[in-house]
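Tertiary structure, described
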Amino acid sequence: MSTIPVGLGKGPIRPIFSLSTITWISAKLGTMILLLLFSSRLFLDGNMFIQATASENTTGLQLHIFDQYVVMNNDILQVNLSKPQGMVTGIQYKGIDNLLEVLEDETNRGYWDLVWSAPGITRKKGAFDRIEGTNFTVIVETEDQLELSFTRMWDPSLEGKVVPLNIDKRFVLLRNSSGFYTYAIYEHLNEWPAFNLTNTRTVFKLRKDKFHYMAISDTRQRHMPLPDDRSAERGQALAYPEAVLLVNPVEPEFKGEVDDKYQYSIENMYNRVHGWIANDSQVGFWQITPSEEFKTGGPFKQCLTSHVGPTTLAIFHSTHYSGEELILQFGTNEPWKKVLGPVFFYLNSLVNGTTNPIQRLWEDAKQEMNDEVERWPYDFPASKDFLSPKQRGAVRGSLLVRERYVTDDKDVPGNGTWVGLAAPGVVGSWQLECKGYQFWTKVDSNGYFSIHGVRPGTYNLYAWVPGFIGDYRDVSEVVVTPDGDVDVGTLVYEPPRTGPTLWEIGIPDRTAAEFYVPDPNPKYINKLYVNHTDRFRQYGLWERYAELYPDNDLVYTIGVSDYTKDFFFAQVTRKMGNNTYKGSTWQIKFHLGNVDKNTTYTLRISLATAHVSELQVRINDPETKNPPLFTTGEIGNDNTIARHGIHGLYRLYSVDIPSALLVEGNNTIFLTRELSVSPFQGIMYDYIRLEGPPSSSDNQNIGYSS
């Protein structure tokens, strides 16, 4: 922990508190009730009060079990859960009776949920299930740890009504810890019904009268509107329900802003800590994810974080920015078990009068996050399904890049290379991997990597290197054993390449961030993203394309145009009359001094995302009625454009161009995006490159970069 004056309430080790000193008070809430606070600890739970009266010199872990509730207390914080449902109904900390929203029903404050459906339904929507346990068990009760289990077991009588999973929700409170952990074990047994799982997460809804400041990164934090501002009386729904224009907010400073939870999404690799600060009491509530091993889709997958509510999420699986390709699908003869978490909910506070309280609370939360990451994998979870450090193994080695036209056939370390272990598959399949665990790290400046804490099993080793197209997969499987140390040696990635670069557009980094992102319509702004590096998160940018190109589509000239100014970040639909839309055809113009006859050129197109689109490629042929040289067919359901992202699933295409289609002099590539029935359909390019044939290594046209 840092040395700033953060009040965590830590104290000396004392005996466990005696249950005989607890007083139970239950009262119906009618209108307003005056709460008289004496020296006791008080909890507000829906229509009930739970009061745990402690003696002055008693500290340590305390567990209090009642008919309908169970209370965990370590004299720093107190957590109240419904029994046997396992809903978090109250969190008491630093004199605040309940950090959770007392205006919500007690089942809607802190909970696990999921969305599921029967097989054959590929839509992302399904049945919402706020998971309620049916059995409560104390797993661990010692002077150092409390661990509680809330289970819901499936049987055939529940078929069609409840997702066919055994679910075990765990909550852990440690001695002298300023927070609590939660994790869950999901299990599908052999011969159970098939089903699809589209989303699962934990949700905490905080008090709107206290928590007004939200932080998800160093550069993405701000005072937030109230949930009331999204009501029909104060807000105007925009193109979809999540986006609301604040017309008459409670606080006038938010008037004219757009609020949308998707503006606060973040990649798994950066999603380590986010949360809220109660300005008046200088208290922070933070969700810390110490590892992404249990999350789906790999480190580049994006998920929601915190948003207006005030709400804080820990998402373990979702189809956001990926679509139906990331739906978890289970067959009838498919046994499966997975541990989700633990994640940590950390509370911190400041001594009154501390300067820069918001920054200090945030910095302390980041330090705690770093500490939790260092502790991973944890050694305290009691479930046998969560493997301790000694039950795991390690994989190490080095990965270098060999690119004939970039590295001169030398093997060099990539800058920012990501290396990971995931279920055996094909090149790039880690993006869609949902059922198992993934373990990722970055290589160092020499290309060396070491992945620790790997669960025993069989994996493929995957990698992707910023600055180079494509994905790497080692053909050899990696078998990890408990306490084993696997050295895979030196691996070499050779990115796709046929001939020298004649020209290129963009940077191969799997995003469209380097391209031109316009200013938003002044009527639809989020002040956080004004003059921000993440300016693409503004609402309504898809509408700006037709405003910038009202009559003709984009034309980009190699050697003249600048992709940071002249290449729109998304090829979207164009709105016509009567709410109809049409596609677009972009042109890339380039000059060839000579053309090698009877050979093939190669066009590399890597896409950062696609949503219900078809990309067609034609060479020197503007007539879209003619068959294209190449088409992707219908691709994508990422919905990245509507959700203010800059990337979704990565796709790479290589198009062979017969030299007979090219001419000496001026040439044009026509990129037509088809399928247009909504404003959110479109594609984002990551990178485009034209390669000459291998024999043209001394071609005078080599080296155009725009």
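Residues numbered from 1 in each chain as written. Predicted model: local features only at pLDDT ≥ 70, side-chain atom pairs only at ≥ 80, totals over all residues. Heavy atoms only, no water.

**Section: the confidence of the model for the protein chain**
Selection rule: As a per-residue measure, pLDDT reflects the predictor's confidence and takes values from 0 up to 100. Between two residues, a contact is recorded if the distance between any of their heavy atoms is within 4.5 Å.
When pLDDT is averaged along the protein chain, the result is 90, and 89% of the positions lie at 70 or above. The model gives residues 1-58 a pLDDT under 50, and that stretch makes 138 contacts with residues more than four places away or in other chains. Residue range residues 697-703 is modelled with pLDDT below 50. Its contacts to residues more than four positions away, or to other chains, number 17 contacts.

**Thoughts on empty space enclosed by the protein**
The cut-off we apply is this: Grid points spaced at 1 Å over the protein atoms alone were grouped into cavities, where a 1.4 Å probe fits but cannot get out, and pockets, open sets with protein on both sides within 12 Å along at least five of seven lines, with lining residues defined by an atom within 4 Å of a point. Grid points are joined across faces, edges and corners, and a volume is the space filled by probe spheres set on the points. Side-chain classes are defined by residue name, with Ala, Val, Leu, Ile, Met, Phe, Trp, Tyr, Cys and Pro counting as nonpolar, Asp, Glu, Lys and Arg as charged, and the others, Gly among them, as polar.
Summed over the entire model, instances satisfying the criterion amount to six cavities of 30 Å³ or more. Considering only enclosed or pocket space, the largest cavity measures out at about 90 Å³ in volume. Residue lining of the largest cavity: Gly297, Phe300, Lys301, Gln302, Tyr321, Ser322, Trp430, Gln431, Arg510, His647, Gly648 and Leu649, and that is the complete set. A class-by-class count of the residues in the lining of the largest cavity yields four nonpolar, six polar and two charged.

**Concerning the pairing of strand β13 (residues 195-205)**
Under the convention used in this document: Think of it in three bands: with a 1.4 Å probe and only protein chains considered, a residue is buried below 20% of the maximum accessible area for its type, exposed above 50%, and partly exposed in between. In this description a helix means any DSSP run of H or I spanning at least four residues, a strand means any run of E spanning at least two, and both kinds are numbered starting from the N terminus. In short, DSSP must find at least two bridges between two strands for them to pair.
Extensive coverage of β13 is indicated by the burial of eleven of its eleven residues. Inspection of the sheet shows strand β7 (residues 110-117) paired to β13 by eight bridges, in the antiparallel sense. Each bridged residue has a counterpart across the sheet, and for Trp116 the counterpart in β13 is Leu197. Pairing of β13 with strand β25 (residues 328-330) involves three bridges; the strand directions are antiparallel. Of the residues in β25, the one forming a bridge with Leu197 is Leu328. Taken together, the six bridges between β13 and strand β24 (residues 311-317) define a ladder with antiparallel strand orientation. Within β24, the position partnered with Arg201 by the bridge is Ile315.

**Quick look at the packing of aromatic side chains**
How we decide: Each Phe, Tyr or Trp ring, with Trp reduced to its six-membered ring, pairs with another whose centre is within 6.5 Å; inter-plane angles below 30 degrees give stacked pairs, above 60 give edge-to-face pairs, and intermediate values give tilted ones. Whether a charge sits over a ring depends on NZ of Lys or CZ of Arg being within 6 Å of the ring centre and within 35 degrees of the ring normal.
One pass over the full model with this rule turns up 45 aromatic pairs. When the centroid spacing of 6.0 Å and the interplanar angle of 35 degrees are considered together, the rings of Phe344 and Tyr346 count as tilted. The burial state of Phe344 is the same as that of Tyr346; both residues are buried. What links up through ring pairs into an aromatic cluster is the set Trp112, Tyr181, Tyr183, Tyr186, Phe294, Phe316, Phe344, Tyr346, Trp376, Tyr378, Phe380 and Phe386. Cation over ring: Arg455 sits above Tyr437, and NZ or CZ is 4.2 Å from the ring centre.

**A short note on the pattern of salt bridges**
Operational definition: Here, a salt bridge means any side-chain nitrogen of Lys or Arg that lies within 4 Å of a carboxyl oxygen of Asp or Glu.
On inspection of all chains with the given rule, the structure shows 34 salt bridges. In this structure, the salt-bridge partner of Arg220 is Asp534, at a minimum N-O distance of 3.9 Å. Pair noted here: Arg220 is in the loop between β14 (211-215) and β15 (221-223) and Asp534 is in the loop between β36 (501-506) and α2 (544-548), with a separation of 314 residues, a long-range link. For the pair shown, Arg220 and Asp534 are each scored as buried. In the salt-bridge network here, residues are joined through shared partners; they are Glu187, Lys337, Lys384 and Asp385.

**Focus: the sheet that holds strand β26 (residues 336-349)**
Note the cut-off: Simply put, an axis is a line fit to the C-alpha atoms, just over the touching stretch for a helix, and the angle between two N-to-C directions goes from 0 to 180 degrees.
With antiparallel pairing, the nine strands of this open sheet are ordered in space as β9-β10-β11-β12-β26-β21-β20-β14-β15. Sheet topology places β9 (135-141) and β15 at the edges, where each strand pairs with a single neighbour. Adjacent strand axes in the sheet meet at a mean angle of 20 degrees when their direction is disregarded. As paired strands, β9 and strand β10 (residues 145-152) are joined by six bridges and run antiparallel to one another. From the neighbouring strand, Glu141 faces β10, where its bridge partner is Leu146.

**Description of the layout of surface pockets**
Here the second largest pocket is characterised by a volume of approximately 700 Å³. Surrounding the second largest pocket, 31 residues form its lining, Ile266, Glu267, Met269, Tyr270 and Phe300 being those nearest its centre. Contributions of two or more residues to the lining of the second largest pocket are made by β19 (266-267) and α1 (357-375). Per-element tally for the lining of the second largest pocket: the top contributor is α1, with five residues.

**Let's talk about the side chain of Glu433**
Rules: For the purpose of counting charges, residues Lys and Arg are taken to be positive, whereas Asp and Glu are taken to be negative. His and the chain ends are not included. Nitrogen and oxygen atoms within 3.5 Å of one another constitute a polar contact, given that in protein one can donate a hydrogen and the other can accept it, and given that sequence-neighbouring residues count only through two side-chain atoms.
Note that Glu433 resides in the loop between β29 (418-422) and β30 (439-442). One buried charge, Glu433, has no salt-bridge partner; the nearest side chain with opposite charge is Lys338, at 5.8 Å. A distance of 3.2 Å separates a polar side-chain atom of Glu433 from the backbone nitrogen of Lys435. Ignoring sequence-local partners within four residues, the contact set of Glu433 consists of Thr296, Gly297, Ala423 and Gln438.

**So, the nonpolar core**
Put simply, the test is: Put simply, buried Ala, Val, Leu, Ile, Met, Phe, Trp, Tyr and Cys residues joined by side-chain atoms within 4.5 Å make one nonpolar core.
Grouped together as the largest cluster of nonpolar side chains are 105 residues, with contacts concentrated most on Ile91, Tyr186 and Leu399. A total of eight residues in this core trace back to one element, the largest contributor, which is β26. With sequence-adjacent residues up to four places away left out, Leu399 is seen in contact with Pro413, Thr417, Val419, Gly447, Phe449, Leu461, Ala463, Val465, Tyr472, Leu491 and Tyr493. If you look at the next biggest cluster of nonpolar residues, it comprises 58 residues, including Tyr539, Phe568, Val595 and Ile646.

**Quick word on the sheet that holds strand β16 (residues 235-237)**
Taken together, the three strands give an open sheet; going across it, the order is β16-β17-β18, and neighbouring strands pair in antiparallel fashion. The strands lining the two open edges of the sheet, one partner per strand, are β16 and β18 (258-259). Across three bridges, β16 lies against strand β17 (residues 244-246) in antiparallel orientation. Residue pairing across strands places Ala237 opposite Val244, the latter belonging to β17.

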